[in-house]
Amino acid sequence: MLAGKRILLIIGGGIAAYKALDLIRRLRERGASVAPVLTRAAEEFVTPLSVAALAGANVHRDLFDLTAEAEMGHIQLSRSADLVVVAPATADLMAKMAGGLANDLASTLLLATDTQVLIAPAMNVRMWQHAATVRNRAVLAGDGILSVGPNEGDMACGEYGPGRMAEPLEIVAAIEGILGGWAGPLAGRHVLVTSGPTHEPIDPVRYIANRSSGAQGTALAAALRDLGAKVTFVTGPATVPPPQGVTVVKVETAQQMLAAVEAALPAEAAVFAAAVADWRVANAADRKMKKDGSGTPPALSFAENPDILATISQLAKGRPRLVVGFAAETDDVIAHATAKRARKGCDWIVANDVSPATGIMGGSENAVTVLTAEAAETWPRMAKDAVARKLAARIAEALA
Ligand SMILES: Cc1cc2nc3c(=O)[nH]c(=O)nc-3n(C[C@H](O)[C@H](O)[C@H](O)COP(=O)(O)O)c2cc1C
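Remember, it's a predicted structure, so these values are computed and weren't measured experimentally. Numbering of residues begins from 1 in every chain and follows the order in which that chain's sequence is written. Note on the predicted model: pLDDT of at least 70 is required for a residue's local features to be given, and 80 or more for side-chain atom pairs to be given and counted; whole-chain, interface and lining totals, by contrast, use all residues.

## Notes on the overall build of the chain
Now for step 1: A count of helices and strands for the chain gives 14 helices and 21 strands.
Now for step 2: For the exposure call, what matters is how many other C-beta atoms sit within 10 Å of a residue's own: 20 or more marks it buried, 12 or fewer exposed, and in between partly exposed, using C-beta atoms placed from the backbone. Considering the chain as a whole, with its 400 residues, one finds that 40% of them fall into the buried category.
Now for step 3: At a minimum sequence separation of 6, the contacts of the chain that also span at least 24 residues come to 70%. To qualify as a helix, a DSSP run of H or I must reach at least 4 residues; to qualify as a strand, a run of E must reach at least 2; elements of each kind are numbered from the N terminus. For every residue pair, C-beta atoms are placed from the backbone, and the pair is scored as a contact if these atoms sit within 7 Å.

As structure tokens, then:
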């Protein structure tokens, strides 16, 4: 799949640099060539000799290499690859990238390149969660830098949390996805996913919302993408960031979400995981409401929002082949979800119990029952990522 692809691999100075050796091996096994670059700090963790031997290529280490620079080597090197991969991406390298610094070979290449860049961050959990790194991550994402990981787990420093570099095979999968060689069962299929809450304005500064984090919809979009689908991800103001490698459409209100969904059609499947407000404020003010001293609170009146799931399920023309709704219920979950499936006209309903005791809404786990025309299947409680992968596999089967 990666045969003939050229990867410029920048290895930063972190403990995870040893995994970069395995990454080189995995990439070469798949037919890719690897041009390795070591930062000065990386040489403290892996030797240039090991890297060169595994890559079967010279290691680039010095910005002021006279031989290479006779041909403006750093510019050549930065442009000659199909993909630039930074693994491990240290906090330091990420900060340099975000700030546009270019004071060594690695950072200069990253600033001079016109090629897509993928980073695999690796650092101590406190470094990962530090406000400066959080800021740099947002800047890099905004600049179109793709990332894979980090994972959560035990760290070399003895702490636990997010910061472990993605495993070499996960990085390889991300590279395959980016370079378009991905031939999953949904390759080339367009799938629409909605996610997150909606915000319905009361006045310009206040709104009515719900507790949806967008975690389940985001995980689902990522799982469908991983099966090769072209995903359009229509999201309300969620607290989790949207996945990479999908087309993101950000909306606030239910009415905007319906318009974005309609604009994104046609699609072969549509999954409505967003927690859309049933009502909006009919008499929303266009200026901030003020207390008038009378002690009388303002009277809000409500209007029903469009029913996105029913609208798309009942389209006479251009209905996706598979329409999947989510039912968030707090009581009598199966009975309500069964009735909802019939009323809306969708193909499947994924029902979950969001009563506060379950901790599901806003949490990281989900316990769902998938209702189809034929059956109701209850899955054990599992991580939202795992629910997403299982559901994505079902969708792939249904569209096969
Ligand atoms: C033992 C040891 C382990 C380190 N591990 C990491 C790490 O995993 N991630 C990181 O961002 N920095 C780590 N550092 C700090 C970096 O090596 C340091 O910030 C260095 O300047 C990075 O340089 P570079 O970004 O040019 O590779 C480590 C330092 C030491 C001494």
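## Here's the deal with the domain arrangement of the chain
Now for step 1: Segmentation of the chain into domains returns domain 1 (6–178) and domain 2 (190–399).
Now for step 2: Domains are outlined according to an automatic or database domain assignment. One C-alpha centre belongs to domain 1, the other to domain 2; they are set 37 Å apart.

## Thoughts on the nonpolar core
Now for step 1: Working definition: the nonpolar core is a set of buried Ala, Val, Leu, Ile, Met, Phe, Trp, Tyr and Cys residues, joined through C-beta atoms within 7 Å. Core analysis: the biggest nonpolar cluster contains 58 residues, and Val193, Leu220 and Leu224 have the highest contact counts within it.
Now for step 2: Looking at this core, the element that brings in the most residues is helix 10 (residues 215–226), giving seven residues.
Now for step 3: Not counting residues within four places of it along the chain, the set of residues in contact with Leu220 comprises Val193, Val271, Ala273, Ala388, Leu391 and Ala392.
Now for step 4: With 53 residues, the next largest nonpolar core counts Val51, Val86, Met97 and Val172 among its residues.

## Topic: the environment of Thr113
Now for step 1: Take Thr113: it is sitting in the loop between helix 6 (105–112) and strand 4 (117–121).
Now for step 2: Apart from the residues lying within four places of it in its own chain, the contact partners of Thr113 are Ser78, Arg79 and Val84.

## Regarding helix 5 (residues 91–99)
Now for step 1: Among the residues making up helix 5, those that are buried are Ala91, Leu93, Met94, Lys96 and Met97.
Now for step 2: Lining the buried residues of helix 5 we find strand 3 (83–89), helix 6, strand 4, helix 7 (125–129) and helix 8 (131–142).
Now for step 3: Gly100 occupies a position one or two residues after helix 5 and carries a positive phi of about 70 degrees.

## Digging into the UniProt feature "active site" (unreviewed entry) in the chain
Now for step 1: Under the feature "active site" (unreviewed entry), the UniProt entry names Cys157.
Now for step 2: Within the element layout of this structure, Cys157 appears in the loop between strand 6 (151–154) and strand 7 (160–164). UniProt positions are given in the numbering used here, feature names are shortened, and annotations may be inferred rather than shown by experiment.

## Observations concerning the sheet that holds strand 20 (residues 376–378)
Now for step 1: We call two strands paired when DSSP finds no fewer than two bridges between them. Strand order in the open sheet made by the eight strands is 12-11-8-13-16-17-19-20, with mixed pairing throughout. With one partner strand each, in any of the chains shown, strand 12 (247–250) and strand 20 form the two edges of the open sheet. The sheet shows a mean angle of 15 degrees between the axes of neighbouring strands, direction not considered.
Now for step 2: Here three bridges tie strand 19 (residues 368–371) to strand 20, and the two strands are oriented antiparallel to one another. Every axis corresponds to a line fitted to the C-alpha atoms, with the helix fit spanning only the stretch in contact, and the corresponding angles, defined between N-to-C directions, vary from 0 to 180 degrees.

## A look at helix 6
Now for step 1: Considered for burial, the residues of helix 6 that qualify are Leu105, Ala106, Ser107, Leu109 and Leu110.
Now for step 2: Contacts made by the buried residues of helix 6 are with strand 1 (6–11), strand 2 (33–38), helix 4 (73–79), strand 3, helix 5 and strand 4.

## A few points about the pairing of strand 17 (residues 348–353)
Now for step 1: Across the six residues of strand 17, six count as buried, placing the element largely inside the fold.
Now for step 2: In strand 17, alternate side chains face the same way, and those of Trp348, Val350 and Asn352 on one face and Ile349, Ala351 and Asp353 on the other are all buried.
Now for step 3: With six bridges joining them, strand 16 (residues 322–329) and strand 17 adopt parallel strand pairing. What sits directly across from Gly325, in strand 17, is Ile349.

## Considerations on unusual backbone geometry
Now for step 1: Geometrically, the link from Ala87 to Pro88 is a cis peptide bond, its omega value of -5 degrees lying close to zero.
Now for step 2: Relative to the assigned elements, Pro88 resides in strand 3.
Now for step 3: Of the consecutive residues Leu265 and Pro266, the connecting peptide bond is found in the cis state with omega at 5 degrees.
Now for step 4: With respect to the helices and strands, the residue Pro266 is situated in the loop between helix 11 (254–264) and strand 13 (269–272).
Now for step 5: Positive phi outside glycine occurs at Asp332, with the angle close to 45 degrees.
Now for step 6: In this structure, Asp332 sits in the loop between strand 16 and helix 13 (333–344).
Now for step 7: For Asp332, a count of 11 C-beta atoms within 10 Å corresponds to the exposed category.

## Some remarks on the sheet that holds strand 1
Now for step 1: Read from one edge of the open sheet, five strands run 2-1-3-4-5, paired in parallel fashion. Looking at the sheet topology across the chains shown, the edges are occupied by strand 2 and strand 5 (146–147).
Now for step 2: Along the sheet face, helix 1 (residues 17–29) touches strand 1, strand 2 and strand 3 and points at about 175 degrees away from the line of strand 1.

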